[in-house]
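Residues per chain are reported as follows:
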Amino acid sequence: MTAPENETQDFAIEGHGDISVGVRGAGASGDGSASATRITPGNALRPEDIALEIRKGQVKPSDDVAEYALRIGDDGLILAQRLGHWISRAPELEEDVALGNIALDQLGHARSFLTYAGAAWDKSEDDLAYFRREHEFRSAHLFEQPNGDFAVTIARQFIVSYYQFELYKRLTGSTDATIAAIAAKALKEVDYHRDHSAQWVLRLAGGTEESRRRIVQAFKLVWPYVEELFEDDELTARLAESGAGVQPSSLRADFDQLTGAILSEAGLDEELNLERIPQSLGGGRQGKHSEHLGYLLAEMQVLAREHPGASW
Amino acid sequence: MASQNLQSVPAELSPEELEREQAGQAYFDRIISEDSRIEPRDWMPEAYRKTLLRQISQHAHSEIIGMQPEANWITRAPSLKRKAILMAKVQDEAGHGLYLYSAAETLGQSRDKMTSDLIAGKARYSSIFNYPAISWADMGAIGWLVDGAAICNQVPLCRASYGPYGRAMVRICKEESFHQRQGFEILLELSNGTPAQKQMAQDAVNRWYAPALMMFGPPDDDSPNSKQSMAWNIKRFSNDELRSRFVGMMVEQVKVLGLTLPDKDIRFNEETKKWEHGPLDWNEFKDVLAGKGPCNAQRLERRREAHDDGAWVREAAAEYARKQAEKEYAA
């Protein structure tokens, strides 16, 4: 990092606090062609890298894989939009950071999956996020459920992260190299999400009477949306056959076992009696959503739609 | 360094205590004159401790309250890349608040106490966050101008005489540079976009320019605490000096943006070799500081709400930790 040219040594501290802007002629040094915000440590797979491969014609998903990536990407996008709302509202600053971090991870996965999916239809991640209508989204209902109180957010995150972990673990072996690469990056992050939500389930269940009451109520509220995550259909059957994807039902046993262990450690299993909670019909993968998604999209898309074709 | 012995020693001290105080003061004076660092366990004058505690906690509060105007646009960010960058930025600010509260805790006050002072309206934070972020371009202007001004203020603080503060500032400044760049990039993109986007960018710069300049604090002849802070090596440059440097940097960068600063009086004074700017409305500054800004009540209420709504979560975590410790003890 370099200091602005006209700085005196006593003012600039070597190595940080640079307010140059990385643009030539801006009274600052730096590579004028570089994006000021293109800072990613290591060689992590970024959505921009996938977009570049697409432009070079190096990768292109089959229609089936694109549909599949759209589902997974929409799950992450909708959840990131929900979690993003917590930032500046969390119960502790540490949770502002943690929930923000999980939101960022989910958004990162979504951007990669949507970028890849879009290659099949000549659409960008932003075309897909901002210019589709409600019935064109393929996310499952769980992801659009409102944040509720902290317990509801944790219960939702607990289910999501155990589901996503099992999914990404298998997708690292996908015959589609791009899906495998995105899953490999996502897996490490989702592992942390599991840890975060499991710890909170234990704390809330074993904390005060109030926290226990709230986490029990929270699970009752979100558990009806579990079944939908594990429903197979024709698309997933074809993808499982080709090895590019998996049948969601094949994740269920591991999911049940691992979540069951935590819920049992939390002493919640009997009280919740999950098997008796009626399961919602779902339909998200076919574009049938709850009442919540419309509001979420209205807020997310409003500015982009005010300026169609604009670049940001 | 002269005139460090500002502490009047209370009369009721025993001879031993008096001796300890004098030895402490001598050590402190030597450290300051050597431009070295005071650490938490070192003796320090009570006024030095209070000044630092006030400054660091205000700085922490500013980071935390400052999350709000930007969080206001996370859900509406117009592209996914911008959404990710903005989320990361607001998350950084929570992290800065955490380091700074920790640094302040080394001076003997708990984060809980600082938070309750903030919520009770007893503590201050940077008054600029009492202005509303009403358009997407405000995300650019806040990054470029507000974070830019913050960096000018904060880079010299990396050498502040109090160790934990200086070290926290090193990391904070690194991240603030990224924040300033992303703000510049937002404005650059808008300025090169559609006429409506360019207008949005200019409007945001017009609104944030003067409040950003006032972030450096009142003019030197109206800044009673500055002199002492400089003598203690907490502050290194005067308010006006930092403001002038900042104007000089912005005047160049705004040209690249293809925008203008709303100040016809900016000029480089060849005699003093300093940048000068037009008059600022210090009455407005004082009004906003006194609680009359457009968002003062809203910002505090949001913080109070988050804190109160989260009380049961914090209680649960504490209770769970207590029970776990009890179990371990029993085992």
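Starting from 1, residues in each chain are numbered consecutively following that chain's sequence as written. Here chains are named by letter from A upward and ligands by number from 1 upward, in the order in which they appear as written. Only residues with pLDDT of 70 or above have their local features reported here, since the model is predicted, and side-chain atom pairs are shown and tallied only from 80 upward, although totals for entire chains, interfaces and linings are computed over all residues. The basis for every side-chain value is the complete set of heavy atoms in the structure, and neither hydrogens nor water enter the calculation.

A. How the structure looks around the overall build of chain A. The secondary structure content of chain A amounts to 13 helices and 0 strands. Looking at chain A residue by residue over its 312 residues, the buried ones come to 56%. The contact rule is simple, with two residues in contact once any of their heavy atoms fall within 4.5 Å. The contacts of chain A with a sequence gap of at least 6 include a subset with a gap of at least 24, amounting to 77%. Methods summary: accessible areas were calculated by the Shrake-Rupley approach with a probe of 1.4 Å, and residue burial reflects only the protein chains presented. Counting only carbon and sulfur atoms, one obtains 49% of the accessible surface of chain A, whose full area is about 13100 Å². What counts as a helix is a DSSP run of H or I of at least four residues, what counts as a strand is a run of E of at least two, and both are numbered from the N terminus. Burial status follows relative accessibility: with a 1.4 Å probe on protein chains alone, a residue under 20% of its type maximum counts as buried, one over 50% as exposed, and anything between as partly exposed.

B. Seen up close, the interface of chain A and chain B. Contacts between the two partners involve 70 residues from chain A and, on the opposite side, 72 residues from chain B. By buried area we mean the combined loss of accessible area, with a 1.4 Å probe, across both parts when two parts are placed together. For the pair chain A and chain B, the summed buried surface comes to about 6100 Å²; carbon and sulfur atoms form 66% of the total. Any carboxyl oxygen of Asp or Glu within 4 Å of a side-chain nitrogen of Lys or Arg constitutes a salt bridge here. Seen at the junction of chain A and chain B, the total is 2 salt bridges. Between glutamate 92 of chain A and arginine 111 of chain B there is a salt bridge whose closest N-O contact spans 3.6 Å. Any N or O atom pair separated by 3.5 Å or less is treated as a polar contact, with the protein-specific requirement of one donor-capable and one acceptor-capable atom, and with residues adjacent in sequence counted only for side-chain atom pairs. Between chain A and chain B we count 16 residue pairs in polar contact (both at pLDDT 80 or more) in total. Sorting elements by how many residues they give to the side of chain A that touches chain B places helix H3 (residues 93–118) of chain A first, with 11 residues. The residue makeup of the side of chain A that touches chain B, split by class, is 33 nonpolar, 21 polar and 16 charged. For this classification, Asp, Glu, Lys and Arg are treated as charged, while Ala, Val, Leu, Ile, Met, Phe, Trp, Tyr, Cys and Pro are nonpolar and the rest, including Gly, are polar.

C. Region of interest: the nonpolar core. Core analysis: the biggest nonpolar cluster contains 186 residues, and Tyr168, Ile215, Phe219 and Leu268 of chain A together with Trp136 and Trp144 of chain B have the highest contact counts within it. With 14 residues, the top contributor of residues to this core is helix H6 (residues 150–171) of chain A. If we skip the residues at most four places from it in the chain, phenylalanine 219 of chain A touches Ala155, Phe158, Val201, Pro224, Leu263, Leu268, Leu272 and Ile277 of chain A. Residues grouped as a nonpolar core are buried Ala, Val, Leu, Ile, Met, Phe, Trp, Tyr and Cys residues, joined through side-chain atoms within 4.5 Å.

D. Here's a closer look at the pattern of salt bridges. Residue and element names in this part refer to chain B. Per the stated rule, a full pass over the model turns up 45 salt bridges over all chains. A salt bridge links glutamate 46 to arginine 49; its shortest N-O distance comes to 3.7 Å. Residue glutamate 46 and its partner arginine 49 are both found in helix H2 (residues 46–74); the two are separated by 3 residues, about one turn of the helix. Looking at arginine 49, the relative accessible area reads 22%, which means it is partly exposed. Between glutamate 252 and lysine 255 there is a salt bridge; the shortest N-O distance is 3.3 Å. Within this pair, glutamate 252 and its partner lysine 255 are both found in helix H9 (residues 239–257), separated by 3 residues, close to a single helical turn. For glutamate 252, a relative accessible area of 30% puts it in the partly exposed group.

E. Up close: the packing of helix H2 (residues 63–84) of chain A against H6 of chain A. Residue and element names in this part refer to chain A. It is the contact of H2 with H6, at a shortest axis distance of 13 Å, that shows an interaxial angle of 150°. With respect to H6, the axis of H2 lies roughly antiparallel. In the crossing of H2 with H6, the sense of the turn from one axis to the other is left-handed. Of the residues in H6, those in contact with Tyr68, Ile72, Asp75, Leu79, Arg82 and Leu83 of H2 are Thr153, Arg156, Gln157, Val160, Tyr163, Leu167, Tyr168 and Leu171. Broken down by class, the residue content of the contact of H2 with H6 amounts to 9 nonpolar, 2 polar and 3 charged. Between N-to-C directions, angles span 0 to 180 degrees; the directions come from axes that are lines fitted to C-alpha atoms, helices contributing only their stretch in contact. Should an angle fall under 35 degrees it is taken as roughly parallel, and over 145 as roughly antiparallel, whereas 65 to 115 is taken as roughly perpendicular and any remaining angle as oblique. Note on convention: near helix rotated counterclockwise from far helix by under a right angle means a left-handed crossing. Clockwise means right-handed.

F. Spatial organisation of helix H7 (residues 177–206) of chain A. All names here are of chain A. With 30 residues, H7 ought to run about 44 Å at 1.5 Å a step, and its terminal C-alpha atoms sit 43 Å apart, in line with that. In H7, a bend of some 30° at leucine 187 exceeds every other bend along the element. The N-cap residue of H7 is aspartate 176: its side-chain oxygen and the backbone nitrogen of threonine 178 are 3.0 Å apart. By this rule the span expected of a helix is its residue count minus one, scaled by 1.5 Å. For a residue, the bend is simply the angle between two axes, fitted respectively to the seven-residue segment ending there and the seven-residue segment starting there.

G. Spatial organisation of the environment of aspartate 138 of chain B. Residues and elements named next belong to chain B. Among the secondary structure elements, aspartate 138 is positioned in helix H5 (residues 137–154). Expressed as a C-alpha distance, the spacing of aspartate 138 and isoleucine 186, which sit 48 residues apart in the sequence, is 9.3 Å. Those residues in contact with aspartate 138 that lie beyond four places of it in its chain are Pro132, Ala133, Ala204, Arg207 and Trp208.

Keep in mind these numbers describe shape, not what the thing actually does.
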